[in-house]
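So you can see what is in the structure, the chains are spelled out below.
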Amino acid sequence: QVQLAESGGGLVQAGGSLRLSCAASGRTFSAYVMGWFRQAPGKGREFVAAISGSGGTTLYADSVKGRFTISRDNAKNTMYPQMNSLKFEDTAVYYCAATRAWVLVRGLTYDYWGQGTQVTVSS
């Protein structure tokens, strides 16, 4: 069982930056691929980025490529989504999730999900 908890959300002006955290419980954090998703009001949950268990491989949605980065510290059981050059359309609830299967990273079939953290970008 893995429990995930996001933090770091808030209100930021367009063009600004925000760093989220996703803390995981358990002793097998490095065995999990970590995903990062978002859900804007009235829309479905969409893939943002993913990072392999070792942190050596990352994948980004085209909409955030070059602006967002994802990293992890397995010693601290924590993933760090970094968001730069934020746009109004980045406003959403952001979720982290864990899965053992890299092949599934863009989908929603993750084993564990956090409760989400709100990010609001003012124009």
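The structure reproduced in this document is the subject of the present report.

Counted under the stated rule, the structure contains 1 disulfide. The partner cysteine of Cys 22 in its disulfide is Cys 96, sulfur to sulfur 2.1 Å. The chirality of the disulfide connecting Cys 22 with Cys 96 is right-handed, given an S-S dihedral of about 70°. A residue pair is termed long-range when its members are at least 10 positions apart, and Cys 22 in strand E4 (residues 21-24) and Cys 96 in strand E10 (residues 92-99) qualify at 74 residues.

Here the structure, examined in full by the defined rule, presents 7 aromatic pairs. Here a set of aromatic residues connected by ring pairs shows up, and it is made of Phe 37, Phe 47, Tyr 110 and Trp 113. Between the NZ or CZ atom of Arg 45 and the centre of the ring of Tyr 95, over which it lies, the distance is 3.7 Å. The cationic tip of Arg 45 hangs over the ring face of Trp 113; the distance from NZ or CZ to the ring centre is 4.8 Å.

What counts as what
Residues numbered from 1 in each chain as written. Predicted model: local features only at pLDDT ≥ 70, side-chain atom pairs only at ≥ 80, totals over all residues. Heavy atoms only, no water. Disulfide = S-S within 2.5 Å. Helix = DSSP H or I, 4+ residues; strand = E, 2+ residues; numbered from the N terminus. Phe/Tyr/Trp six-rings, centres within 6.5 Å; stacked < 30°, edge-to-face > 60°. Lys NZ or Arg CZ within 6 Å of the ring centre and 35° of its normal.

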